[in-house]
Amino acid sequence: MAALIQNMRPYLVVGKSCSFTWPPNVLARTCMTSPKALPSAETGQEKRPLYPPVVPSLTSNSEAAKKYKQELIRQKIASLPSPKDKITALLQQNRKAHMLYALGRRYNVHAYQQWVTRTTVVKQLPESVTDVPVDDRFEQVKSQVMDLILQERHYMKRNDNKWREPYRFGVVFTKELARLLTTAVSDGVPHLATANIIHGAKVEYCWPHTEYWCQLLDQPDIQILTHHPLPQYCPMDSAASINGEVPVYEWSPRHLAIFERTRKRTIFPGFKIESPIQCGHTQFRVISKGMSREKFHQDLRKDKTGDQLELRIMGSAVMGLFGWTAAQAFYIGFTWYQDLHYPITSQVVLTDGRFFTFGCYQLNTLSLQQEDNPRRNVLFFQESQPLYDDIQDGQVVGFNDDVLRTLLQVLGNRTEPLQTEWGPEPVPFNPPTRFNYHLGDTQENLFFKKMYAPHLRKDLSSERVVRKLKNFKDNRLGKNIGSGVTDIYQLESNPSVRKFKGED
Amino acid sequence: MASSLVFRQLLRHRLPWHPENPKLQVLLTPFCIKLVRPGKPQPPDTLQFRIPMEMGKQELKIYLEELYNIPVADIRVRIQMGRRARNWQNRMYWKEEDHKVAYVVMRDGQTFEFPDILAKKEEKTEIEKMENEMYEKEAVKQRETTQRGGINTWF
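Residues numbered from 1 in each chain as written. Chains lettered and ligands numbered in written order. Predicted model: local features only at pLDDT ≥ 70, side-chain atom pairs only at ≥ 80, totals over all residues. Heavy atoms only, no water.

Asks: How would you sum up the overall build of chain B? Please name residues and give values.
Replies: The number of helices and strands found in chain B is two helices and six strands. Here chain B holds 155 residues, and 26% of them are scored as buried. A total of about 13,200 Å² of accessible surface is found on chain B, and carbon and sulfur atoms cover 54% of it. (Helix = DSSP H or I, 4+ residues; strand = E, 2+ residues; numbered from the N terminus. Buried < 20%, exposed > 50% of the residue type's maximum accessible area, 1.4 Å probe, protein only. Areas by Shrake-Rupley, 256 points an atom, 1.4 Å probe, with all protein chains shown as cover.)

Structure representation (structure tokens):
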């Protein structure tokens, strides 16, 4: 009997409904301990404190008590075993959140995007990318790419009435280019041979900023996922991450056409949590969906300044990659309150069909609402360069080799299996008081019940409920009294809470 | 400078045609705008103007760039309804006029902060504040005693 008691849990687990619970007298017997000998001074054991720790009470609504309750709930969530449970526990409530998108259309939106994601920008690609050796088959790949350009631009006759030309050309060209490069180069590059390429999956991520919540909704055109993650570009506490400049934007984001909405928050990096391949490698994004380069400079009415195009591309890279890497971190087990202890990296290629821009992002922190946090996330960015100048008489004019070289380097950046353990350290949950599910409904007990069994939130309200019964039959009187009976059947507590009918 | 301004011509201001008139008619601006202090905190590169209802974003942009040399990046415009009141017969009437508000974002990192125009009230020194408190307490005591006929509250 004692062995059975030790194996059965005397409490309820989050998310599961248990039809059996131990009666309280049995539980009390398990908690009773045999009288121990007093600790002797010779052994030098630590003195057990006589009184329990001084802690704000769970029944009050003071600020200290609210913080304490919040911390207890966060500890409970941190002690959950799987990241799926953590995500469902954190995202239960609907909240007002600012809806953010990767491409902003206001003046200097990139500054706000950097401030909200805490990223610094370095204008150079990192050494680990520029040092990647390019294959011997460079000339072959170059000829194939030129053939592709001629095919899409020169020879193909498409129905222009349906789609806008830059949009259609950019999307089709990037998809064909990605397919070509991943298949042509996969001999010397093992991670691309076993990679997953996803088209048009949505990326969603929500996070708390200093005074409000943000929700990113994004749809990159192509995602490449690999079995192992990319290595880091610079150590987490290096100069770039701690001393980097982050622009400050303390005014409300309504000035930048970013509005709030009450909706269920979501965290989704483009693939489900049960999928075998969980590391992001590169993203391909098509810019011509949102803005076109020719119209940008020709539009004299709006008179967009020349810098804004590059800055908006940079901002879209920042937002897209931040959401992607942070959602991957959540799938591993880290949360806003359990910070990373190794960086997560990924890459992006932004195209127009003709112009190419490259970015490498390193995520160092998830907790952005703390001002003490010295770490920042870093984006290594290279400005846009054209792949070719023009097409004349069936030939590509002004082909740029550097762009193709960096593209192959970005795709050929090798992945390495992680040396450290994945996921955060397991944190045990030790609440300060022991509670019994069947004890009286004090405020303190209710708090613990709600924490341990959030799916029973509605049933744990301690209000009086008066129910009307249809066809109430009183066996003592032996006849059907009818509906609308309220005097006889008054309840003192909610009947859906199971009550133990024995003696406590 | 004024020759490059082309505004929408309101019919009342049009001159009658004459063959010796110049082809590009030079018109003075019929518009008058007002820079105001923003009600809610705005970023430092935004200005808030009150604008006549007939004016549009593009016209305001040309106005500011030609007359005042302000480099403009972005303008957002909204129409504010004037506050209205009711009288004792619950009849509604408009007390204030409708006006248009424009938020102008400046280019090239220029900033502007609306200055304090009103004269600052002199703050009382600590001694004066303490004196005022004492006077108030004594006045309260006096009120209690006068109600009781000048007798102290001990009785």
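Asks: Outline empty space enclosed by the protein, supporting the account with residue identities and numerical values.
Replies: All names here are of chain A. In the structure shown here, the tally under the stated rule is two cavities of 30 Å³ or more. Roughly 40 Å³ of volume is contained in the largest cavity. As for the largest cavity, its lining consists of I287, M291, S292, R293, L309, I313 and D352. Each residue belonging to the lining of the largest cavity can be placed in one class, and the counts come to four nonpolar, one polar and two charged. Of the volumes computed, that of the second largest cavity is approximately 30 Å³. Lining the second largest cavity, in full, are D135, R137, F138, V141, A184, V185 and L408. Counted by class, the lining of the second largest cavity contains five nonpolar, no polar and two charged residues. (1 Å grid on protein atoms, 1.4 Å probe; cavity = no way out; pocket = protein on both sides within 12 Å on 5 of 7 lines; lining within 4 Å. Points joined across faces, edges and corners; volume = space filled by probe spheres on them. Nonpolar A, V, L, I, M, F, W, Y, C, P; charged D, E, K, R; others polar.)

Asks: Requested: an account of the packing of aromatic side chains, with residues and values cited.
Replies: Residues and elements named next belong to chain A. Taken as a whole and assessed by the stated rule, the structure comprises 14 aromatic pairs over all chains. On the numbers, 5.6 Å between centres and 15° between planes, the contact of Y205 with W207 is stacked. Within the aromatic cluster, the residues linked to one another by ring pairs are Y205, W207, W213, F322, F330, W336 and Y337. The positively charged end of R74 is found above the aromatic ring belonging to Y337, 3.8 Å away from the centroid. For R153, the ring lying beneath its charged end belongs to F169, and the centroid distance is 4.2 Å. (Phe/Tyr/Trp six-rings, centres within 6.5 Å; stacked < 30°, edge-to-face > 60°. Lys NZ or Arg CZ within 6 Å of the ring centre and 35° of its normal.)

Asks: How would you sum up the pairing of strand 11 (residues 377-386) of chain A? Please name residues and give values.
Replies: Residue and element names in this part refer to chain A. Burial runs high along strand 11: seven of the ten residues are buried. Note: strand 2 (residues 119-122) against strand 11, four bridges, orientation parallel. Looking at the pairing, V122 lines up with F380 of strand 11. In this structure, strand 10 (residues 355-363) lies alongside strand 11, joined through seven bridges in antiparallel fashion. Residue pairing in the sheet places C360 in a bridge with F380 of strand 11. (Pairing = 2+ DSSP bridges.)

Asks: Hey, could you go over helix 4 (residues 83-90) of chain A for me, with residue numbers and the actual values?
Replies: Residue and element names in this part refer to chain A. If you check which residues of helix 4 are buried, you get K86, I87 and L90. Buried residues of helix 4, viewed axially, fall in a sector of 95°; they line one side. Here the buried face of helix 4 lies against helix 3 (63-78) and helix 12 (307-332). (Arc of directions from axis to C-beta. Contact = heavy atoms within 4.5 Å.)

Asks: Residues and numbers for the pattern of salt bridges, please.
Replies: All names here are of chain A. Under the counting rule described, the total for this entry stands at 13 salt bridges over all chains. In this structure, R179 engages E176 in a salt bridge whose closest nitrogen and oxygen atoms are separated by 2.9 Å. Of this pair, R179 and E176 both sit in helix 8 (residues 165-184), separated by three residues, roughly a single helical turn. Assessed through its relative accessible area of 26%, E176 is described here as partly exposed. A salt bridge links K289 to D221; the shortest N-O distance between them is 2.6 Å. Note that K289 is positioned in the loop between strand 8 (279-286) and helix 11 (293-298) and D221 in the loop between strand 5 (213-218) and strand 6 (222-226), a separation of 68 residues in sequence. (Salt bridge = Lys/Arg side-chain N within 4 Å of Asp/Glu carboxyl O.)

Asks: So what about the interface of chain A and chain B? Which residues, and what values?
Replies: Listed per partner, the contact involves nine residues of chain A and 14 residues of chain B. Counting across the chain A and chain B interface gives one salt bridge. The salt bridge involving R106 of chain A is made with D74 of chain B; its shortest N-O contact spans 3.4 Å. On inspection of chain A and its partner chain B, the count reaches six residue pairs in polar contact (both at pLDDT 80 or more). When its residues are assigned to classes, the side of chain A that touches chain B shows three nonpolar, two polar and four charged. (Polar contact = N/O pair within 3.5 Å; in protein donor to acceptor, adjacent residues only side chain to side chain.)

Asks: Got a sec to walk through a negative patch on the surface? Specific residues and values, please.
Replies: A grouping of E211, E250, E371 and D372 of chain A is seen on the molecular surface, where their side chains present a negatively charged patch. You can see E250 of chain A is positioned in the loop between helix 10 (239-242) and strand 7 (260-264). (Patch = residues over 30% accessible without salt bridge, like charges linked within 9 Å, V, L, I, M, F, W, Y side chains within 5 Å. Lys, Arg positive; Asp, Glu negative; His and termini not counted. Charge placed at Lys NZ, Arg CZ, Asp CG, Glu CD.)

Asks: Explain the confidence of the model for chain A to me, using residue names and the numbers behind them.
Replies: Residue and element names in this part refer to chain A. Averaged over every residue, the pLDDT of chain A is 80; the share at 70 or more is 73%. Averaged pLDDT values for the elements of chain A fall to 48 in helix 1 (residues 2-7) and rise to 96 in strand 4 (residues 203-208). Note that residues 1-6 has pLDDT below 50 and, in this model, three contacts with residues that lie over four places away or in other chains. Across residues 484-492 the pLDDT falls below 50, and counting only partners more than four positions away or on other chains, this stretch makes 14 contacts in the model. (pLDDT = per-residue confidence, 0-100.)

Asks: I'd love a proper account of the packing of helix 5 (residues 109-117) of chain A against helix 12 of chain A, names of residues and values included.
Replies: All names here are of chain A. Direction vectors running N to C along helix 5 and helix 12 enclose 20°, while the axes themselves pass 9 Å from each other. The orientation of helix 5 relative to helix 12 falls into the category roughly parallel. Crossing geometry of helix 5 relative to helix 12 is assigned as left-handed. In this structure, helix 5 uses H110, Q113, Q114 and T117 to contact helix 12, whose residues at the interface are L311, M314, G315, S316, V318, M319 and F322. (Axes fitted to C-alpha atoms, helices over the stretch in contact; angles between N-to-C directions. Parallel < 35°, antiparallel > 145°, perpendicular 65-115°, else oblique. Left-handed = near helix turned anticlockwise from the far one by under 90°.)

Asks: Break down the packing of helix 4 of chain A against helix 12 of chain A for me, citing the residues and quoting the values.
Replies: Residues and elements named next belong to chain A. For the pair helix 4 and helix 12, the least separation of the axes is 7 Å and the interaxial angle reads 115°. Across the interface between the two elements, P83, I87 and L90 from helix 4 touch F330, Y331 and I332 from helix 12. Counted by class, the contact of helix 4 with helix 12 contains six nonpolar, no polar and no charged residues.

Asks: Please give an account of the state of the cysteines that cites residues and values.
Replies: Two cysteines form a disulfide when their sulfur atoms are joined by a covalent bond. Residue and element names in this part refer to chain A. Following the criterion strictly, the structure yields zero disulfides over all chains and no others. No disulfide involves C234; its nearest neighbouring cysteine sulfur is the one of C360, lying 11 Å away. For C234, a relative accessible area of 11% translates into the label buried. Looking at C279, it has no disulfide partner, and the nearest cysteine sulfur is the one in C360, 17 Å off. (Disulfide = S-S within 2.5 Å.)

Asks: How would you explain the nonpolar core if you had to name every residue and give the values?
Replies: Residue and element names in this part refer to chain A. Counting residues in each nonpolar core, the largest one holds 62 residues, and the members touching the most others are L100, Y112, Y205, W207, W336 and L366. Counting residues per element, this core draws most heavily on helix 12, at 16 residues. Every residue in contact with W207, bar those within four places of it in the chain, is listed here: L100, V116, T117, Y212, W213, C214, L216, M319, F322, W336 and L368. Counting 42 residues, the second largest nonpolar core, distinct from the first, contains F173, L180, L192 and I391. (Core = buried A, V, L, I, M, F, W, Y, C linked by side-chain atoms within 4.5 Å.)

Asks: Please give an account of the sheet that holds strand 1 (residues 94-101) of chain A that cites residues and values.
Replies: Residues and elements named next belong to chain A. The mixed open sheet is built from four strands, whose spatial order is 4-5-1-7. Whereas interior strands pair on both sides, the edge strands pair on one side only; in this sheet they are strand 4 and strand 7. On average, each strand axis in the sheet is inclined to that of its neighbour by 40°, with strand direction left out of account. Pairing of strand 1 with strand 7 involves five bridges; the strand directions are antiparallel. Following the sheet pairing, K96 is matched in strand 7 by T262. Sheet contacts for helix 5: strand 1, strand 4 and strand 5; angle to strand 1, the most-contacted strand, approximately 135°. Lying over the sheet, helix 12 contacts strand 1, strand 4 and strand 5, oriented at roughly 80° with respect to strand 4.

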